[in-house]
Amino acid sequence: MTTSMTKSDLLLLLCFAAAVLAGPVLLAPIGAGYPDLLQKFAIFGIFALGFNILFGLTGYLSFGHAAFLGVGSYTAVWTFKLLSMNPIPAILLATLLGGLFAAVIGFVSLRRTGIYFSILTLAFAQMSYNLAYSVLTPVTNGETGLQLAQSDPRVLDIAFGRDYGAVLPSSDLFGISMTGYPGFYFCGVMLILCFFVSMRIFRSPFGMMLRAVKSNQNRLNYTGLNTRPYALAAFVISGMYAGLAGGLLAVTDPLAGAERMQWTASGEVVLMTILGGSGTLLGPVIGAGAIKYFENIFSAFNEGVLVQAYSFLPEGLQHVMVWISSLFVGEGWHLTLGALFMIIVIFLPGGLMEGFNRIRAWITGRFGGGGGSLAPAAAE
Amino acid sequence: MDAIVLQILNGLDKGGAYALIALGLTIIFGTLGVVNFAHGALFMLGAFCAVTVKALLSLEKVALDPTQTTAWGTPLEIRTPYVEAWFGDFGTAMLNYSVPISILIAIPVMLLIGVSMERGLIRFFYKRPHAEQILVTFGLAIVLQEIVKSLFGANPIPQPAPDAAKGMIDFGVAIGFQAGNVVYPAWRLIYFLFSVAIIGGVFAFLQFTTFGMVVRAGMADRETVGLLGIDIDRRFTIVFGMAAVVAGLAGAMYTPILSPDYHMGMDFLVLSFVVVVVGGMGSLGGAVVAGFTLGILQSFASMNEVKDILPGIDQIIIYLIAVVILLTRPRGLMGRKGVMEH
Amino acid sequence: MSILSVQNVHKRFGGLRALNEVNLEVEAGTVHAIIGPNGAGKSTLLNCFVGRLEPDTGTVTFDGKSLLGLKPHEINQAGVSRVFQTPEIFGDLSLLENVMIPAFATRDGAFKMNAWRAVDSENSLHDKAMGMLADVGLAEKAGEIASHLSRGDKRRLELAMCLVQDPKLLLLDEPTAGMARADTNNTIDLMKRIAKRGITMVVIEHDMHVVFSLADRISVLAQGTVIAEDLPDGIKGNPKVQEAYLGGAHL
């Protein structure tokens, strides 16, 4: 299976897998070595990896991917309720349904390009969101969100003689509870798997065609290739990634709410992707991790922490600094997010990966005696 | 019949707001070629101009009246707004009319905001891909709404209409229906008339001034106008400022209808974008027609009779129409060929 | 044997009659040039071959099969490749990728979910693409990004992209427009080599030097109508052509 993989790709995959599995240790020094946050890194990493296959490769900017995430979550919770608390059927069905939804929405939306495509996906996502809150309440449980109940049928669990008794069950993989570290490792393995698939797609002729879609659709058509099935395939794959991510959210915390489908949530995955570097293999995972990490840090700050942090300043200045900083932290985390969005798009449209490449080129240019060409790296 | 008239009336004020925002969006798109996701934020900022004016007018002078005491035996505090203390009855009237007054303040403020936005950010994105324009203005929209949130809090701040416009108008009588069947809040009628006036003003400006002529020419063929040696850049700045003022006024006047909160901009933005796309990117007439049409259709969709047949239709009607229009008429109702097709 | 047959094609744009009863037969294995003054309808005609425009009436038959109503990618899959007036290439991709994409299109058809094998493992297509790049003199730039090429190199790249598909018919829209004389001569040499392989070519060209050093047969289009069709020597001496096309000046 790996016969056609280059050595450097194999090395990258192994390093990636090692880094993910060693996450709890590696990220401990920056205070991110605990399972709840690590789970988020992995889940949103998957979401962004999938989004990148659409946006990064084909250039189609979807503003509706949160809908597929939401569909994944609802599907997973329903699977828990009806079939089994085992996460495997839940994520399989979540992926499948995410893909199905994406196939329908993508089929319609991809009849247009550019901003029209973006607006169409936005419209579909808003429709799903509004419906989840209103008419679809029997399925989604409206504002309360879909939750497990002790009285759920769970036919497979019952058939296999698994009884959770009087407690509200939580998801478990053949007896291993999907909370805490086991939950993270489950998500982590999924992330590695998704990364591997994404890498295969990037290196494949299919991936090359997707980049050609972004580069010049006109030429692609006159080259004998039908653009739309390529874009649709990319859309469906990214929808499946989103469905899987949504399913995993439900696995680690069996609850699904419509706010996951709001268009600002779609905006967040766009930001993750461009922050890391859209169209790069590793970028989206880094972007997702960075955003979830800073969200966690910044939201946790409060006035007291700030007063402490600026205690070395004279009192007047301290107040000013505390006030300014408090705009950006705690409740104000979204302000930071928005500002970050702007800064990245203005100064580093290629994202962090471009930043790394620039630094590397600068270093090799300085110490490696030149000759290193930046162009191929930047274009990747 | 009267139910239908009532629903049409109900759709007019919302339609007016959509039309005003969409008008600015489409002018900016047509002339500057920029997709401005921060336009809803300008609407929201306008609304908060009204909030600020009201707050400033309500600033109170506190005097202690030694002749009267409270139940606790302390001198009674007498609070009078400064405006009343200074201007007497005229001050009271000013307070009452704070929303209309805020328009006067909103014009220069929004112009300033618009111009600095264009000079400080937007102009660097004329040549960048649309995806990047969307992303950077989306970021800006978040920043603006979060700043407003930190200054004004997260809760809606009700703004009263002037007393004279607080009542209901029995509109039905005027067109020969039975009294009491078609009653309509006066302020919403005022808002509709106001939006029509602004729309008329914008069209007249574009139609009858030299400046407007250049802008229209720019919308039709940007490159050629650039070649004529006309200083397009400065005009772009002014166009952007104007669009900001229009959105801001739409927001300020809307406050008695919908108590402003920090995320009202985002809510309206998505709908206004749909309006622009339905009307046709870069088409002024399309934006206005689509704005009112969608506003009215939305109000029809929220009738109980309709909801009984098609549950949830009120939630999705606008998006549904957008999807149908985009698929059947890719350029929208009145779109021009070649706009944004790649 | 005629490989491309155009019969009674009419095309109007509003009140403008762009093509008026155009008939054209292109013999397999020949280079057929279409010349004519500006606005004669040359590009309109070309666009009718490739599915960008649909004629109002008439037929366009390629290899015994009608091209009307087909989409551009279907026409390409039928064996027609096209070079544009301003080169259309994949600017963000490397030269090698630019040439491999059409090679894949020819081998795998209009769509194939080929998402698991690596591009790098496709040795035969890789070699073919590299060979093609060497043919047009761009082999040493294979890893570079296409948008960085000079205009002349972009043109040669586009030619390589078409040739790697082994097309039955190659359409060229002013392949030497805007080129310096030396580049033009290089291009002529390249096209002569292509012609030797037996690829049928239809060339739209302004430059008479190019036309007369390449074409086996020439059609002259004026005001949407074919006013003459002959061997190059016949066209040179045709007074009708000189009148319409050159306003009486001698070639």
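Residues numbered from 1 in each chain as written. Chains lettered and ligands numbered in written order. Predicted model: local features only at pLDDT ≥ 70, side-chain atom pairs only at ≥ 80, totals over all residues.

**Here's the deal with the overall build of chain A**
Cut-off, in case you're wondering: What counts as a helix is a DSSP run of H or I of at least four residues, what counts as a strand is a run of E of at least two, and both are numbered from the N terminus. The globule rule used here is 2.2 Å times the number of residues to the 0.38 power, and the radius of gyration it is set against is calculated over C-alpha atoms. Comment: burial labels come from other C-beta atoms within 10 Å of the residue's own C-beta, placed from the backbone, where a count of 20 or more is buried, 12 or fewer is exposed, and between is partly exposed. Once C-beta atoms have been placed from the backbone, residue pairs whose C-beta atoms lie within 7 Å are recorded as contacts.
Secondary structure summary: chain A contains 19 helices and 4 strands in total. Computed over the C-alpha atoms, the radius of gyration of chain A is 22 Å, within 12% of the 21 Å expected from 2.2 N^0.38 for a compact globule of 380 residues. Summarising its shape, the C-alpha atoms of chain A cover approximately 70 × 70 × 40 Å along the three principal directions. A buried classification covers 49% of the 380 residues belonging to chain A. Contacts spanning at least 24 positions in sequence make up 76% of the contacts within chain A whose residues lie at least 6 apart.

**Regarding the overall build of chain C**
Along its length, chain C carries 9 helices and 10 strands. The C-alpha atoms of chain C give 19 Å as radius of gyration, which agrees with the globular expectation for 251 residues (18 Å, within 12%). Each principal axis of the C-alpha distribution contributes one length, and for chain C these read about 60 × 40 × 35 Å. Long-range contacts, defined here as pairs at least 24 residues apart, represent 66% of the contacts in chain C between residues at least 6 apart.

**So, the domain arrangement of chain A**
We count it as follows: The source of the domain bounds is an automatic or database domain assignment.
With domains assigned, chain A is organised as domain 1 (32-272) and domain 2 (353-380). One C-alpha centre belongs to domain 1 of chain A, the other to domain 2 of chain A, and the line joining them spans 35 Å.

**Side note on the interface of chain C and chain A**
Counting residues at the interface gives 33 residues for chain C, matched by 30 residues for chain A. Among the secondary structure elements, those contributing two or more residues to the side of chain C that touches chain A are helix H2 (72-77) and helix H3 (95-108) of chain C. Ranked by the residues each element gives to the side of chain C that touches chain A, the list is headed by H3(C), at 6 residues.

**Quick look at the sheet that holds strand E1 (residues 2-13) of chain C**
Residues and elements named next belong to chain C. Just so we agree on the cut-off: Note: two strands are recorded as paired if DSSP finds a minimum of 2 bridges between them.
Read across the sheet, 4 strands follow the order E2-E1-E4-E5 without closing on themselves; strand pairing throughout is antiparallel. A strand with exactly one partner marks an edge of an open sheet, and here the two such strands are strand E2 (16-27) and strand E5 (65-66). In the sheet, E1 pairs with strand E4 (residues 57-62) via 5 bridges, with the strands oriented antiparallel. The residue of E4 that forms the bridge with Val6 is Val60.

**Examining the pairing of strand E9 (residues 217-222) of chain C**
Remark: a regular strand shows side chains that alternate across the two faces of the sheet. All names here are of chain C. In the sheet, strand E3 (residues 31-35) pairs with E9 via 4 bridges, with the strands oriented parallel. Note on E9: the bridge partner recorded for Ile35 is Val220. As defined by bridge partners, E9 adjoins strand E10 (residues 225-230) across 5 bridges and the pair is classed as antiparallel. In the sheet register, Leu221 faces E10, and the bridge partner there is Val226. Taking the residues between adjacent antiparallel strands as the criterion, E9 and E10 are bridged by 2 residues, where Gln223 takes a positive phi near 50°.

**Here's the deal with the domain arrangement of chain C**
All names here are of chain C. Condition: Each residue receives one of three labels: charged for Asp, Glu, Lys and Arg, nonpolar for Ala, Val, Leu, Ile, Met, Phe, Trp, Tyr, Cys and Pro, and polar for the others, Gly being one of them.
When its domains are assigned, chain C resolves into domain 1 (1-79 + 169-251) and domain 2 (85-166). The centre of domain 1, based on its C-alpha atoms, is set 26 Å off from the matching centre of domain 2. Between domain 1 and domain 2, the contact holds 12 residues from the first and 10 residues from the second. Contributing elements (two or more residues each) for the side of domain 1 that touches domain 2: H2, strand E7 (169-173) and helix H6 (181-196). Among the elements that line the side of domain 1 that touches domain 2, the one with the most residues is H6, at 3 residues. Class assignment for the residues of the side of domain 1 that touches domain 2 results in 6 nonpolar, 3 polar and 3 charged.

**Some words on unusual backbone geometry**
The backbone phi angle of Asn141(A) is positive, close to 60°, even though this residue is not glycine. Looking at where Asn141(A) falls in the secondary structure, it is placed in the loop between helix H7 (137-140) and strand E1 (146-147). Its identity as a non-glycine residue notwithstanding, Gln223(C) has a phi of 50°, on the positive side. Structurally, Gln223(C) can be placed in the loop between E9 and E10.

**A closer look at H6(C)**
Three or four residues apart is the spacing at which side chains of an α-helix point the same way, because the helix has 3.6 residues per turn. Residue and element names in this part refer to chain C. The following threshold applies: What a helix is expected to span follows from its residue count: subtract one and scale by 1.5 Å. The arc in question is traced by the directions running from the helix axis to the C-beta atoms.
The first and last C-alpha atoms of H6 sit 23 Å apart over 16 residues, in line with the 22 Å expected at 1.5 Å per residue. Taken together, the buried positions of H6 are Thr187, Met191 and Ile194. One face of H6 carries all of its buried residues, which in axial projection span an arc of 50°. Of the exposed residues in H6, the ones pointing more than 90 degrees away from its buried face are Arg181, Ala182, Asp189, Lys192, Arg193 and Lys196. Buried residues along H6 sit in contact with helix H5 (151-163), strand E8 (200-204) and helix H7 (208-214). Gly198 sits one or two positions beyond H6 and adopts a positive phi of about 90°.

**Overview of the interface of chain B and chain A**
Each partner contributes residues to the interface: chain B has 33 residues there, and chain A has 35 residues. Sorting the residues of the side of chain B that touches chain A by element identifies helix H6 (130-152), helix H12 (264-279) and helix H15 (313-328) of chain B as the ones contributing at least two each. The element contributing the most residues to the side of chain B that touches chain A is H6(B), with 14 residues. Of the residues assigned to the side of chain B that touches chain A, the class counts are 24 nonpolar, 6 polar and 3 charged.

**Comments concerning the confidence of the model for chain C**
Residue and element names in this part refer to chain C. Spelled out, the test is: Per residue, pLDDT captures the predictor's confidence, and it can take any value from 0 to 100.
Taken over all residues, the pLDDT of chain C has a mean of 87, while the share at 70 or more is 97%. Least confident of the elements in chain C is helix H9 (residues 239-246), whose mean pLDDT is 73; most confident is H3, at 95. Overall fold confidence (pTM) sits at 0.88, and the ipTM for the predicted complex is 0.90.

**Things to note about the sheet that holds E9(C)**
Residues and elements named next belong to chain C. Rules: Axis definition: a line fitted to C-alpha atoms, over the contacting stretch in the case of helices. Angles run 0 to 180 degrees between N-to-C directions.
Within the open sheet, the 6 strands sit side by side as E6-E7-E8-E3-E9-E10. Their pairing is mixed. Looking at which strands have only one partner, the edges of the open sheet turn out to be strand E6 (80-83) and E10. Each strand of the sheet is rotated relative to its neighbour by a mean of 20°, with strand direction disregarded. Pairing between E7 and E8: 5 bridges, direction parallel. Within the sheet, the bridge partner assigned to Leu172 lies in E8 and is Val203. Running over the sheet, H5 touches E6 and E7 and is turned about 180° from E6.

**Some remarks on the packing of helix H8 (residues 186-208) of chain B against helix H11 (residues 232-254) of chain B**
Residues and elements named next belong to chain B. We apply this condition: Roughly parallel here means an angle under 35 degrees, roughly antiparallel means over 145, roughly perpendicular means 65 to 115, and every remaining angle is called oblique.
Where H8 contacts H11, the axes come no closer than 11 Å and their chain directions differ by 170°. With respect to H11, the element H8 is oriented roughly antiparallel. Only Val246, Leu249, Ala250, Met253 and Tyr254 of H11 make contact with H8, whose side of the interface consists of Tyr191, Phe194, Ser195, Ile198 and Val202. Classifying every residue of the contact of H8 with H11 gives 9 nonpolar, 1 polar and no charged.

**Structural notes on the packing of helix H5 (residues 87-109) of chain A against helix H12 (residues 227-252) of chain A**
Residue and element names in this part refer to chain A. The condition that has to hold: When the near helix sits turned anticlockwise from the far one by under a right angle, the crossing is termed left-handed; a clockwise turn instead gives a right-handed crossing.
Two elements in contact, H5 and H12, have axes separated by 7 Å at closest approach and are oriented at 145°. For the pair H5 and H12, the crossing hand works out as right-handed. Class assignment for the residues of the contact of H5 with H12 results in 18 nonpolar, 9 polar and no charged.

**What about the environment of Leu258(B)?**
Here Leu258(B) is to be found in the loop between H11 and H12. Residue class for Leu258(B) comes out partly exposed when judged on the 18 C-beta atoms lying within 10 Å of it.

**So, the environment of Thr92(B)**
Along the polypeptide, Thr92(B) turns up in helix H4 (residues 89-96). Separated by 114 residues in the primary sequence, Thr92(B) and Leu206(B) place their C-alpha atoms 39 Å from one another.

**A short note on the pairing of E3(C)**
Residues and elements named next belong to chain C. Burial within E3 is extensive, with 5 of its 5 residues counted as buried. Side chains Val31, Ala33 and Ile35 of E3 all project onto a buried face; the interleaved residues His32 and Ile34 project onto the opposite face, where all are buried too. Two elements, E3 and E8, share 4 bridges in a ladder whose sense is parallel. For Ala33, the partnering residue across the bridge sits in E8 and is Val203.

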